[in-house]
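A look at the structure
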Amino acid sequence: RRWVVAIDGPAGAGKSTVARLLADRLGYIYLDSGAMYRCVALLALRGAVEPELATPLAETAEILFDPAGIGEPQKVLLAGEDVTRAIRTPEVSQLASKVAAVPGVRAALVRLQQALGAGGGVVMEGRDIGTVVFPHAELKVFLTASPEERARRRFAELEARGEIIDFETVLAEQRERDERDQTRETSPLKAAADAITLLTDGRTIEEIVVELAGKVMS
Ligand code: C5P
């Protein structure tokens, strides 16, 4: 039987890279649940909708992951439009963590995530996959790293994408987003009781992927 692998943790812990490589290795589908919250944030931004009123946007959003879209970040289509880049701006990141605090938004997206992962054979990354979306996932991983390490990675990512931003801003925005993710009432970010916690500081992605793949196959 094909497993559900849940990878949760704060922003910049390396979840996306680890989840995607692990999925490739296992022949599983990779699903980035954060991209869904980002899509709802983009819709709210474009429609000038207050985050608290974003539930209908989440309930009607036509979000599609391109299955052939290998590489990072995963290609995302919103109502047919390629929004892969548009959902990665710092502005959308902040707004995503605001719409993610709205219970109705979470309910709609969790339903979608459960439908997408129902058959197993999926590596899903997010904040609440092991606690809420798939509480019975066969493997739950809580991936984390020190705030400085995470901000360094985010900074490098943004820089590579040509965003003009300074390190202190990245660190400050990350702190703000972590705080919001950890303190919201609905599904705050935390490790599931039965999750394996991995600190990624100073470890290579390859090492971590091999360790996790071994757990799935054994
Ligand atoms: O993972 P990523 O940073 O792209 O997610 C963007 C935002 O979406 C997060 O800051 C978090 O607030 C929210 N999110 C969530 N639950 C998930 C995935 C993402 O609340 N499963």
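This structure is a prediction, so every number in the text was calculated from the model and none was measured. (Residues numbered from 1 in each chain as written. Predicted model: local features only at pLDDT ≥ 70, side-chain atom pairs only at ≥ 80, totals over all residues. Heavy atoms only, no water.)

1. A closer look at the sheet that holds strand 5 (residues 81-82)
The strands that make up a sheet pair up through hydrogen bonds in the backbone, lying either parallel or antiparallel. A sheet is described by the order of its strands in space; here 3 strands give the open sequence 3-4-5, paired in antiparallel fashion. Of all the strands in the sheet, just strand 3 (63-65) and strand 5 have a single pairing partner and so form its edges. Looking at chain direction, strand 4 (residues 76-78) and strand 5 are connected through 2 bridges and run antiparallel. Across the sheet, the residue bridging to Leu-78 is Glu-81, located in strand 5. In the packing of helix 2 (residues 33-46) onto the sheet, the strands contacted are strand 3, strand 4 and strand 5, and the crossing angle to strand 4 comes to about 35°. (Pairing = 2+ DSSP bridges. Helix = DSSP H or I, 4+ residues; strand = E, 2+ residues; numbered from the N terminus. Contact = heavy atoms within 4.5 Å. Axes fitted to C-alpha atoms, helices over the stretch in contact; angles between N-to-C directions.)

2. Quick notes on the packing of helix 2 against helix 5 (residues 103-117)
Closest axis-to-axis distance for the helix 2/helix 5 pair is 11 Å, and the angle between their directions is 140°. When the axes of helix 2 and helix 5 are compared, the pair comes out oblique. As helix 2 packs across helix 5, the resulting crossing turns out to be right-handed. Note on element contacts: helix 5 touches helix 2 through Val-105, Arg-106, Leu-109, Val-110, Leu-112, Gln-113 and Leu-116, opposite Ser-33, Met-36, Tyr-37 and Val-40. Taken together, the residues of the contact of helix 2 with helix 5 sort by class into 8 nonpolar, 2 polar and 1 charged. (Parallel < 35°, antiparallel > 145°, perpendicular 65-115°, else oblique. Left-handed = near helix turned anticlockwise from the far one by under 90°. Nonpolar A, V, L, I, M, F, W, Y, C, P; charged D, E, K, R; others polar.)

3. Some details on the site of the ligand
Close to the ligand lie 15 residues; Arg-38, Arg-106, Asp-128, Arg-177 and Asp-181 are nearest. Arg-106 places a polar side-chain atom, nitrogen or oxygen, 2.7 Å from an oxygen atom of the ligand. A total of 450 Å² of accessible area belongs to the ligand in isolation, and the protein chains cover 98% of it. Elements supplying a minimum of two residues to the shell around the ligand: helix 2, helix 4 (90-99) and helix 8 (167-183). When residues in the shell around the ligand are grouped by element, the largest group, 4 residues, is from helix 2. (Near = heavy atom within 4 Å. Polar contact = N/O pair within 3.5 Å; in protein donor to acceptor, adjacent residues only side chain to side chain. Areas by Shrake-Rupley, 256 points an atom, 1.4 Å probe, with all protein chains shown as cover.)

4. A short note on unusual backbone geometry
In this structure, Ala-79 takes a positive phi of about 50° despite not being glycine. Relative to the elements of secondary structure, Ala-79 occurs in the loop between strand 4 and strand 5.

5. Regarding the pairing of strand 1 (residues 4-8)
In terms of residue burial, strand 1 counts as a mostly covered element, since 5 of its 5 residues are buried. Where strand 1 meets strand 6 (residues 122-126), 5 bridges bridge the pair, whose relative direction is parallel. Residue pairing across strands places Ile-7 opposite Glu-125, the latter belonging to strand 6. (Buried < 20%, exposed > 50% of the residue type's maximum accessible area, 1.4 Å probe, protein only.)

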